[in-house]
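Letter by letter, the chains look like this.
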Amino acid sequence: MHCLDCKREFELDQSLLLCPECGGLLELGFVINNIQLTQLKGRGVWKYAPLLAGDYPFKVSLGEGSTPLIRSRVYPNLYYKFEGTNPTGSFKDRGMCVAVSSALKLGYKSVIVASTGNTAASAAAYSARAGLQAYLLLPANNVAKGKIAQALLHGAKLIEVSGGFDSALENAIQLYRNKRTLYPLNSYNPWRLEGQKTLSFEVFEDIGVPDYVFVPVGNGGNIYAIWKGFKELAISGLSCGIPRMFGVQAKDASPIVRAIENNLSELRFVESPQTIASAIRIGKPVNWKKTIKAITDSHGGAISVSDEEILKAQVELARVEGVEVEPASAASFAGYKKLMNEGKIDQNSKVVCVLTGHALKDPETIIQESIKIESQFASTFNSLDEVFKMF
Ligand code: F0G
């Protein structure tokens, strides 16, 4: 493992989460293992345990992973990897089962995480499962109701932080640096990302290596983890090539897009990020170096989409494909449509849009915003008589 800031290298050590020399972001080396995936038994994330860095004597599980890859009925060669079917309704469960298992191995009793909501819900559930206490730092008044309800239901302790998610995360990191009694579950924890890379193994087992993968980007951990998964398959000789990774951000919360478009080697943070997609309302992505590495290495790109494009994509997925996702998750599909409409993707290309979280996470946005975006569909009737008259 090595530090992306000071570049020092270390022996693989599961207790290291940030660089012990400079506090920077740690990257785990590629796991090279040429076991055929078809030889692996079981299902879900832990099926791929031999391909994960680290040692997990207690494998905490709620049946995460093995999510459906749904073929579009409209766009040829487009597939949706629907992560909303995970136990707590988002992709976070893939990483959380591994990170919480790591906390158990290291002997921790409590965990901490800053979150826009989904990480919080997942951390709360997996901590309950492992018998750990979860402390959640949430941006005040900025988390979708479904996610708060999940966290409360699982008995986590909630702390509201002013100043949005970025400030909540700064607090969580500071706490870990000063006092190491709480195990951090945010995606700067490289062991958590090991679990998230299993999405790529599942896609590969279903359809081989796609040409493009579109991922909504907030902190940028997931796009990196998915890239790492594909990269390891290729380096191990199990697959040929890797997909082009495309990160999609909301227009007023898009520091990565700005960096990629302007060829910046340093990221300029967005101070007050805004978007209806509260899960990705992030201006200071902690994993930005990893995100840029994934995008540039794979010859991918980064695109921003407006809130209107996000909501339209959410409604289209629900009404045309029957797939229900929260706004942030629809960003990947919105980004795909944008490139498709601009003629930048060949119709024959095999594309996967990662749909990161379930619609029920954020029912308020659906009722207040999403269903109004396509007004011709938003009709409700006042009486049964009105309906009968139509037929
Ligand atoms: N989609 C959803 C539904 C999310 O909840 C998140 C992140 C992302 C995409 C972006 O993933 O951060 O790895 O780039 N949610 C975090 C949270 C920040 O706290 O739940 P990323």
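Residues numbered from 1 in each chain as written. Predicted model: local features only at pLDDT ≥ 70, side-chain atom pairs only at ≥ 80, totals over all residues. Heavy atoms only, no water.

## Topic: the side chain of Glu83
Then step 1. Residue position: Glu83 is located in the loop between strand 4 (78-82) and helix 1 (92-105).
Then step 2. In terms of polar contacts, Glu83 uses its side chain to reach the side chain of Thr67, at 2.6 Å.
Then step 3. Dropping the residues within four chain positions of it, Glu83 is found in contact with Thr67, Gly89, Ser90, Phe91, Arg94, Leu199, Val354, Leu355 and Thr356. (Helix = DSSP H or I, 4+ residues; strand = E, 2+ residues; numbered from the N terminus. Polar contact = N/O pair within 3.5 Å; in protein donor to acceptor, adjacent residues only side chain to side chain. Contact = heavy atoms within 4.5 Å.)

## Remarks on the pattern of salt bridges
Then step 1. If you walk through the whole model with that rule in mind, you get 21 salt bridges.
Then step 2. The closest approach of N and O atoms between Asp5 and Lys289, which form a salt bridge, is 2.4 Å. In this pair, Asp5 sits in the loop between strand 1 (2-3) and strand 2 (26-27) while Lys289 sits in helix 9 (residues 288-297), placing the two residues 284 residues apart along the sequence.
Then step 3. Across the salt bridge formed by Glu316 and Lys337, the nearest N and O atoms sit 2.3 Å from each other. On the criterion of sequence distance, the pair formed by Glu316 in helix 10 (residues 307-321) and Lys337 in helix 11 (residues 327-341) is long-range, its members being 21 residues apart. (Salt bridge = Lys/Arg side-chain N within 4 Å of Asp/Glu carboxyl O.)

## A closer look at the UniProt feature "domain: Tryptophan synthase beta chain-like PALP" (unreviewed entry) in the protein chain
Then step 1. When the UniProt feature table is mapped to this numbering, "domain: Tryptophan synthase beta chain-like PALP" (unreviewed entry) covers residues 60-357.
Then step 2. In residues 60-357, helix accounts for 44% and strand for 17%; the two terminal C-alpha atoms are 21 Å from one another. (UniProt positions renumbered as here; feature names shortened; annotations may be inferred.)

## Digging into the packing of helix 7 (residues 221-235) against helix 9
Then step 1. Put simply, helix 7 and helix 9 touch, their axes get as near as 8 Å, and they point 45 degrees apart. By the angle between their directions, the pair helix 7 and helix 9 is classed as oblique. Here helix 7 runs over helix 9; the crossing is left-handed. Facing Ile223, Tyr224, Trp227 and Lys231 of helix 7, the residues of helix 9 in contact are Lys290, Thr291, Lys293, Ala294, Ile295 and Asp297.
Then step 2. Residue classes in the contact of helix 7 with helix 9 are distributed as five nonpolar, one polar and four charged. (Axes fitted to C-alpha atoms, helices over the stretch in contact; angles between N-to-C directions. Parallel < 35°, antiparallel > 145°, perpendicular 65-115°, else oblique. Left-handed = near helix turned anticlockwise from the far one by under 90°. Nonpolar A, V, L, I, M, F, W, Y, C, P; charged D, E, K, R; others polar.)

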